[in-house]
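Observations on chain architecture
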Number of protein chains: 2
Amino acid sequence: MQKTNEASQPSEYEKKKANFLVRTFWTFVMIGLFFGALFSGHIYIIMCITIVQIVSFKEVIAIASVPSRARQLRPTKSLNWYWLVTTMYFLYGETVIYYFKHIVLVDRVLLPLATHHRFISFVLYVIGFVFFVANLKSGHLKFQFTNFAWTHMALYLIVVQAHFVMNNVFEGMIWFFLPASLVICNDIFAYICGITFGRTQLIQVSPKKTVEGFVGAWIMTVLWGIMLTNVLMRSKYFICPVNDLGSNIFTGLECDPNPAFLKQTYTLPDLFFLPEGTNFSLTFEPMQFHSMVLASFASLIAPFGGFFASGLKRTFKIKDFGDSIPGHGGMTDRMDCQFIMGFFAFIYYQTFVAQHKLNYGNVMELAITGLSLDEQMELVKGLSKYLENQGVLNSEVSYQPLTSCSL
Amino acid sequence: MQKTNEASQPSEYEKKKANFLVRTFWTFVMIGLFFGALFSGHIYIIMCITIVQIVSFKEVIAIASVPSRARQLRPTKSLNWYWLVTTMYFLYGETVIYYFKHIVLVDRVLLPLATHHRFISFVLYVIGFVFFVANLKSGHLKFQFTNFAWTHMALYLIVVQAHFVMNNVFEGMIWFFLPASLVICNDIFAYICGITFGRTQLIQVSPKKTVEGFVGAWIMTVLWGIMLTNVLMRSKYFICPVNDLGSNIFTGLECDPNPAFLKQTYTLPDLFFLPEGTNFSLTFEPMQFHSMVLASFASLIAPFGGFFASGLKRTFKIKDFGDSIPGHGGMTDRMDCQFIMGFFAFIYYQTFVAQHKLNYGNVMELAITGLSLDEQMELVKGLSKYLENQGVLNSEVSYQPLTSCSL
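Note that the structure is predicted; figures quoted are calculated from it, not measured.

With that settled, consider the interface of chain B and chain A. Size of an interface, as often reported, equals the accessible area lost when the parts are brought together. Across the contact, 80 residues belong to chain B and 83 residues belong to chain A. At the boundary of chain B with chain A, total buried surface from both sides reaches about 7,700 Å², with 78% on carbon and sulfur atoms. On the surface where chain B and chain A come into contact, there are zero salt bridges. Where chain B touches chain A, the interface holds two residue pairs in polar contact (both at pLDDT 80 or more). Within the residue set of the side of chain B that touches chain A, elements represented by two or more residues are α8 (117-134), α9 (141-171), α14 (302-315), α16 (338-353), α17 (360-370), α18 (373-389) and β3 (394-398) of chain B. With 13 residues, α18(B) is the largest single contributor of residues to the side of chain B that touches chain A. Among the residues making up the side of chain B that touches chain A, the classes are represented as 51 nonpolar, 22 polar and seven charged.

Residue and element names in this part refer to chain A. Tallied over the entire structure, the rule returns two disulfides over all chains. Note on cysteine connectivity: Cys240 is disulfide-linked to Cys255, with sulfurs 2.0 Å apart. Residues Cys240 and Cys255 are joined through a disulfide that is left-handed, its torsion about the S-S bond being -85°. Here Cys240, found in the loop between α12 (236-239) and β1 (264-268), pairs with Cys255, found in the loop between α12 and β1; they are 15 residues apart in sequence, far enough to count as distant. Judged by relative accessible area, Cys255 falls into the buried class, the value being 16%. Counting only cysteine sulfurs, Cys185 is the nearest neighbor of Cys337, a cysteine outside any disulfide, at a range of 13 Å. With relative accessibility at 10%, the residue Cys337 sits in the buried group.

Okay, the UniProt feature "transmembrane region" (unreviewed entry) in chain A next. Residue and element names in this part refer to chain A. As recorded in UniProt, the feature "transmembrane region" (unreviewed entry) lies at residues 20-38, 44-67, 79-99, 119-136, 148-166, 172-193, 214-233 and 289-309. Split by type, residues 119-136 is 89% helix and 0% strand. Its first and last C-alpha atoms lie 26 Å apart. Within residues 289-309, the helical portion is 95% and the strand portion 0%, while the C-alpha atoms at the span's ends are 30 Å from each other.

Turning our eyes to something else, we now look at a nonpolar patch on the surface. A cluster of nonpolar side chains, namely Leu202(A), Val211(A), Val215(A), Trp218(A), Ile219(A), Met220(A) and Leu223(A), defines an oily patch on the protein surface of about 540 Å² accessible area. When you line up the elements, Ile219(A) lands in helix α11 (residues 211-232).

Let's shift gears to the packing of aromatic side chains. Counted under the stated rule, the structure contains 75 aromatic pairs over all chains. Measuring from ring centre to ring centre gives 5.9 Å for Phe57(A) and Trp81(A), while their planes differ by 70°; the resulting arrangement is edge-to-face. Here Phe57(A) is found in helix α3 (residues 42-64), whereas its partner Trp81(A) is found in helix α5 (residues 74-99), with 24 residues between them in sequence. Taking the centre distance of 5.4 Å and the plane angle of 80° together, the rings of Phe34(B) and Phe35(B) count as edge-to-face. Residue class for Phe34(B) comes out partly exposed when judged on its relative accessible area of 25%. Judged by relative accessible area, Phe35(B) falls into the partly exposed class, the value being 31%. An aromatic cluster of at least three residues, connected via ring pairs, comprises Phe119(A), Phe122(A), Phe164(B), Phe297(B), Phe343(B), Phe344(B), Phe346(B), Tyr348(B) and Phe352(B).

Rules of the game
- Residues numbered from 1 in each chain as written.
- Chains lettered and ligands numbered in written order.
- Predicted model: local features only at pLDDT ≥ 70, side-chain atom pairs only at ≥ 80, totals over all residues.
- Heavy atoms only, no water.
- Contact = heavy atoms within 4.5 Å.
- Buried area = accessible area lost by both parts, 1.4 Å probe.
- Salt bridge = Lys/Arg side-chain N within 4 Å of Asp/Glu carboxyl O.
- Polar contact = N/O pair within 3.5 Å; in protein donor to acceptor, adjacent residues only side chain to side chain.
- Helix = DSSP H or I, 4+ residues; strand = E, 2+ residues; numbered from the N terminus.
- Nonpolar A, V, L, I, M, F, W, Y, C, P; charged D, E, K, R; others polar.
- Disulfide = S-S within 2.5 Å.
- Buried < 20%, exposed > 50% of the residue type's maximum accessible area, 1.4 Å probe, protein only.
- UniProt positions renumbered as here; feature names shortened; annotations may be inferred.
- Patch = residues over 30% accessible without salt bridge, like charges linked within 9 Å, V, L, I, M, F, W, Y side chains within 5 Å.
- Areas by Shrake-Rupley, 256 points an atom, 1.4 Å probe, with all protein chains shown as cover.
- Phe/Tyr/Trp six-rings, centres within 6.5 Å; stacked < 30°, edge-to-face > 60°.

If you want it as structure tokens, here you go:
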């Protein structure tokens, strides 16, 4: 093997060039696919995230499995996929129930799946757990437990975090696209600033990262965030939550924009050194402030997701997580900082931006899960009457009395 | 060492006797403390669970840490405790906010902590994560990552599950005490039935467990569950959710009991082989049925938590998880089946028993104050459709279209 390597030394340059071409080609393919999905509609982006999470999961569990032993333990391998399916069933279910209450709760087939969702997921998980324990084999215990812990780690770091990224998509495309692009922008400028000014090493696990690259990329990412936010805010397709799954960039979306996207004037309190009566005020969209926070997270914290991944690779003495993307290495190598970024964007959005406005879906859920049939009937009658009084409804609601409880 | 052992052989019996006495003494101390806490009030039981979870966490992380290396890596040890504190802050906060909304949400100091709780927890977690990555040292990577995965495993298996046990306490003492006692009862009878009838080995990791013990204990646990439920249901201290934290067994609690605790008559549909007109009906509290489900879980599934723990002990070639309880070994050895049982009890309660106390008035108020007329109309239509599907409503809802001005 080494001999062939030496013999082919003259073509080293050729190889690098070929690799560069492959890499560039696939970079454009990925960018094309990504923007294609982004503009085609939310469902396509969800599909992309699903593929990314499955491929990343596959890569991460693969590096820890010792193939020689794994071959004798086929159940272990099947079990890894079973955990993935169970976790995805649970998380996708949660999302679907939360965002599509109004569809799920009136459907006769889906309703029991929705009201028992957590119980069903728990039962599925417990089946896997019992199967795992029943298949423990002395002599393989260490491998089996390591595999168990490792798979749960991967589920938590990849699948759970990807779930929040999907929720971001449903809250409005900007909450997915802005954070993702901030991370990519930061990555690029950390490289550019690093090779231009880089001197001081930043962290032990990643020797190529420099303090200069880190700081320079932060500044550039904040500027990029402000610019991009400015552009995206003009499009309701980006700022509206998904109220219509069939929408794309051409059909657009309609909604009353969240106040974060509306210009506000902030007046600074009179400063003691200014002459009285001087007003100092700033007018901008609160979203610009949020964008700066997200850009700072993408620059200062998210890279640690990447360092974490580098550390893992060093631990297992591998260069890449896999070869899912020709010329780029594994999917996980490209996505390592995206997961924690998406998680942060989700929590930040929910805490500081989301308006917990009631809508028809919320109230419907409350009524169906929280009230008895009798009370629900009362509600329909009461509300119908109220609407009649408002002059918008003519209703004739007749109801059969419930027969004495027939189990 | 071996020599002394041989020399002291005659006193082997003495040692066993001494150990038996210590074990019996501490069994009674534990039982005394447990019932003392149980009758003194919910806060004391919460304190017990907190101590149990901290001690178990300490034991589980201790077995995986390789002391020789850990000594050079002091941050790793501190970090384990930091994760524990962060997780507990998050979970206790969630519980307090959920059950004490009426206090938390009107308090000026607590309100911002409540509304930003998840964000604060996330920030605390991220600080730990960054600290972990920044302290990665080449040469120790494998140990550090193993430690990271292991600690997260322990957090998930112990701390998260203990959180659900605490929620059970708040939902009513019976939801904590019944499942816990079912597991203990099952443990005892698995031992008794095992040594009496045991022949067939059940599972490879625990050679002493037999099929006969497993089945015999199931029958006894179900019977015990029915008896205990019958007794506990008479006391409102056990069946009421905590609406007064100062209550104990003497002051009691007051509430309208959940319908699960009220007798109901179930009529079986006429069976074809019975003469017409024969009525076959059963009257019992639905809680008795729930109790049988819980007892079956405690007998058939929860033991796998114990097998899991046995497997772990074998992997690390240790006999016990520690020596926290004199004569008994570690806390984790006694609690291994309790965690998954508590988790199941929580999910089961939430899915099949909990009444989300809402009434027609609340929902009506929400709908009228929080929804637009259009949405109210949607609600009436959606709910009517739902009630039609349930077969209790024949509705003829016709509505006049909204005129453009009346929004």
